[in-house]
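# An overview of the molecular structure
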Amino acid sequence: MALMTGEQYIESIRKIPMEIYMFGKKVENPVDNPILRPSLNSVRMTYDLAQMPEYQELMTAISPETGERINRFTHIHRSTEDLRNKVKMQRLLGQKTAACFQRCVGMDAFNAEYSTTYEIDKKYGTSYHENFKKFMLYCQENDLTVDGAMTDVKGDRSKAPHAQDDPDMFLHVVERRPDGVVVCGAKAHQTGIINSHEVIVMPTQSMGPDDKDYAISFAVPLDTKGLFMIIGRQSCDTRKLEGSEMDVGNSEFGGVEALTVFDHVFVPNDRIFMNGETEYAGMLVERFAGYHRQSYGGCKVGVGDVLIGAAAVAADYNGANKASHIKDKLIEMTHLNETLYCCGIACSAEGAPTESGNYMIDLLLANVCKQNVTRFPYEIVRLAEDIAGGLMVTAPGEADFRDEKLGPVIDKYLKGVSTVSTENRLRILRLIENLSLGTAAVGYRTESMHGAGSPQAQRIMISRQGNLAHKKELAKAIAHIKE
């Protein structure tokens, strides 16, 4: 089929009978739920932009397998140009939604699976690569959104998967059948899971021989029996139930996370991409994490663009835009944001082909990129809050602003420069609040810290890949040291 339109995507999700819970109740109609719908709209943007000629180069690619034009989120990177276009696409989507658009994790899982399954098959003669390619083509041809599930709940961090008191703390195989396997466990922080057609499951860490049942990777559709999701809370999430478009800050777009439970889920053999090859679990994790850390040099930069713009508008509305310290803060925000983008582009430009033929980013630079993301957005947010002023978190709500008695009082006393309406001033402050503290903070500030691995995870990889021994030799050569 051709690329789906945004409306076709919405209706395709509506048809999937997912098992979703929120606030202690089953969500019967997630597509039209006011708390969940903004996150669906964010994914829809990945379809809408793909239909526009001006964004075709970034949003789509030609599949080498079929020769057809496909959404880039289902594409396998075949060049450093592909890697760079991925980052540029992510920045564009961040600019258009000011939220998490949720498809990156599936795209990154696609590319990690492609090369890892190839190398497992080369050693063991298995058919995982063919299984994955068949699944990949199915997703490309039907323009599907795929989630990637890596983060096990982990339980006691001091114990290996097989040594946990409760074996379900890491997703694992509980039954092996001639036609497939049955798995139990849970994946945490699942971005966009309720807005996906399929989910790829991966191990969460390197594993030893005793963890064989935990070295499992596969894909299943979201209506699979035994699979259900519990929606995670977000700050200010119930504002969406109040009917105030202004108070939400970003009423159209948002993100969603869920605890995703696999309760005796059956996986057929042709949907399995790893099954007990423990020595390749670490490879899959490292490659997926590398791709996903590259992603943050695009998506977070796009959202940062919106936040910087909102801070500049707030300065205009406050009448402070000409102050030298305001100009300097906006320059610093821009410097930090563009530095993140530089890292995303750099690790892409330095990419190289894997044995399978798809392209891997430079892992060291990708980890440096994400390490910077754990810091710079926090400073960008701090500066935005500084520029916005305290009214960002103390302003009365829209109901008061629309009230016959209170409205004129708010309009009088919360006005900034005379040429700007009080309503517009409040709207831009609510957007900054949303990006800094509200529902969008999950996809910007807090996710910048923990998404794609916490800061220490990147530091471990930087230590491994920094080639300190080579740097020592360089120093010794310059100093004419002979040993």
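Quick notes on the rules
Residues numbered from 1 in each chain as written. Predicted model: local features only at pLDDT ≥ 70, side-chain atom pairs only at ≥ 80, totals over all residues. Heavy atoms only, no water. Helix = DSSP H or I, 4+ residues; strand = E, 2+ residues; numbered from the N terminus. Rg over C-alpha atoms; globule rule 2.2 N^0.38 Å. Buried < 20%, exposed > 50% of the residue type's maximum accessible area, 1.4 Å probe, protein only. Contact = heavy atoms within 4.5 Å. UniProt positions renumbered as here; feature names shortened; annotations may be inferred. Expected span 1.5 Å × (residues − 1). Arc of directions from axis to C-beta. Pairing = 2+ DSSP bridges. Axes fitted to C-alpha atoms, helices over the stretch in contact; angles between N-to-C directions. Domains from an automatic or database assignment. Buried area = accessible area lost by both parts, 1.4 Å probe. Phe/Tyr/Trp six-rings, centres within 6.5 Å; stacked < 30°, edge-to-face > 60°. Lys NZ or Arg CZ within 6 Å of the ring centre and 35° of its normal. Polar contact = N/O pair within 3.5 Å; in protein donor to acceptor, adjacent residues only side chain to side chain. Parallel < 35°, antiparallel > 145°, perpendicular 65-115°, else oblique. Left-handed = near helix turned anticlockwise from the far one by under 90°. Nonpolar A, V, L, I, M, F, W, Y, C, P; charged D, E, K, R; others polar. Salt bridge = Lys/Arg side-chain N within 4 Å of Asp/Glu carboxyl O.

- In the annotation of an unreviewed UniProt entry, the entry for the chain reads 4-hydroxybutyryl-CoA dehydratase, and the organism field reads Flavonifractor plautii.

## Some details on the overall build of the chain
- When helices and strands are tallied, the chain shows 18 helices and 14 strands.
- Relative to the 2.2 N^0.38 estimate, which gives 23 Å for 483 residues, the radius of gyration of the chain is 24 Å and therefore close to what a compact globule would have.
- Taken over the C-alpha atoms alone, the chain extends approximately 75 × 70 × 50 Å along its principal axes.
- Out of the 483 residues in the chain, the part that is buried amounts to 55%.
- A separation threshold of at least 6 residues defines the contact pool for the chain, and within that pool the share at least 24 residues apart is 77%.

## Focus: the UniProt feature "domain: HpaB/PvcC/4-BUDH C-terminal" (unreviewed entry) in the chain
- What UniProt calls "domain: HpaB/PvcC/4-BUDH C-terminal" (unreviewed entry) maps, in this numbering, to residues 281-479.
- In residues 281-479, the share of helix is 74% and the share of strand is 2%. The end C-alpha atoms are 42 Å apart.

## Comments concerning helix 6 (residues 128-142)
- If you check helix 6, its first and last C-alpha atoms are 21 Å apart, about what 15 residues at 1.5 Å a residue would give, namely 21 Å.
- Those residues of helix 6 that fall on the buried side of the exposure criterion are Y128, H129, N131, F132, F135, M136, C139 and Q140. For helix 6, the buried positions fall inside an angular range of 165° around the axis, keeping them on one side.
- Buried residues belonging to helix 6 abut strand 4 (69-71), helix 5 (104-124), strand 5 (146-149), strand 8 (198-201), strand 9 (216-221) and strand 12 (272-275).
- Where helix 6 terminates, the next one or two residues include D143, which has phi positive at roughly 55°.

## Brief notes about the sheet that holds strand 12
- As summarised here, the arrangement of the four strands in space is 5-8-9-12, forming an open sheet in which the pairing is mixed. A single partner strand is all that each edge strand has here, and the edge strands are strand 5 and strand 12. Across the sheet, the axes of successive neighbouring strands diverge by a mean angle of 20°, strand direction being ignored.
- Here strand 9 pairs with strand 12 via three bridges, running antiparallel. Pairing of F218 across the sheet is with I272, part of strand 12.

## Brief notes about the domain arrangement of the chain
- The domain boundaries assigned to the chain delineate domain 1 (4-280) and domain 2 (281-472).
- Relative to domain 2, the C-alpha centre of domain 1 lies at a distance of 23 Å.
- Facing 59 residues of domain 1, the contacting portion of domain 2 comprises 54 residues.
- The largest share of the area that domain 1 buries against domain 2 comes from V87, R91 and M246, three residues that together contribute 17% of it.

## With respect to the sheet that holds strand 11 (residues 258-268)
- Reading across from one edge, 2-1-10-11-7-6 is the order of the six strands in this open sheet, with mixed pairing throughout. Since the sheet does not close on itself, it has two edges, and those belong to strand 2 (25-26) and strand 6 (172-177), each with one partner.
- Here strand 6 pairs with strand 7 (residues 180-187) via five bridges, running antiparallel. In the strand pairing of strand 7, E175 is matched with V182.

## Comments concerning the UniProt feature "binding site: FAD" (unreviewed entry) in the chain
- Per the UniProt entry, the sites bearing "binding site: FAD" (unreviewed entry) are T191 in this numbering.
- Looking at where T191 falls in the secondary structure, it is placed in the loop between strand 7 and strand 8.
- On the basis of relative accessible area, T191 is assigned to the buried category, the value being 14%.
- In contact with T191, other than residues within four places in its own chain, are C100, Q102, V105, D147, V256, E257 and E447.

## Re the packing of aromatic side chains
- One pass over the structure, following the stated rule, counts twelve aromatic pairs.
- Between F110 and F132, the ring centres sit 5.4 Å apart and the planes meet at 80°, which makes this aromatic pair edge-to-face. With a gap of 22 residues between them, F110 in helix 5 and F132 in helix 6 connect regions that are remote in the sequence.
- Taken together, a centroid distance of 6.5 Å and an interplanar angle of 75° make the contact between Y114 and F132 edge-to-face. You can see Y114 sitting in helix 5 and its partner F132 sitting in helix 6, a full 18 residues away along the chain. With respect to burial, Y114 and F132 carry one shared label: buried.
- One aromatic cluster is present, built from ring pairs that chain together F110, Y114, F132, F135 and F273.
- Directly above the aromatic system of Y296 lies the positively charged group of K300, at a separation of 4.4 Å from the ring centroid.
- It is K412 that lies over the ring of Y413; its NZ or CZ is 5.4 Å from the centre.

## Considerations on the side chain of S12
- Here S12 shows up in helix 1 (residues 6-14).
- Within the local environment of S12, its side chain forms a polar contact with the side chain of H197, the two groups lying 2.8 Å apart.
- Leave out the neighbours within four places in its chain, and S12 touches M4 and H197.

## Details of the packing of helix 4 (residues 80-97) against helix 9 (residues 324-349)
- Between helix 4 and helix 9, the least distance of the axes is 7 Å, while the angle of their chain directions is 155°. As judged from the angle between their axes, helix 4 and helix 9 are roughly antiparallel. Between helix 4 and helix 9 lies a crossing of right-handed hand. Contact residues: helix 4 offers T80, L83, R84, V87, K88 and R91, while helix 9 offers N337, E338, Y341, G344, I345, S348 and A349.
- Taken together, the residues that form the contact of helix 4 with helix 9 break down as five nonpolar, four polar and four charged.

## Topic: the pattern of salt bridges
- Under the criterion given, the structure shown has 32 salt bridges.
- One salt bridge in this structure joins E7 and R44, with 3.3 Å as the shortest N-O distance. With E7 in helix 1 and R44 in helix 2 (residues 37-48), this pair connects stretches of sequence that are 37 residues apart.
- A salt bridge links D247 to R430; its shortest N-O distance comes to 3.8 Å.

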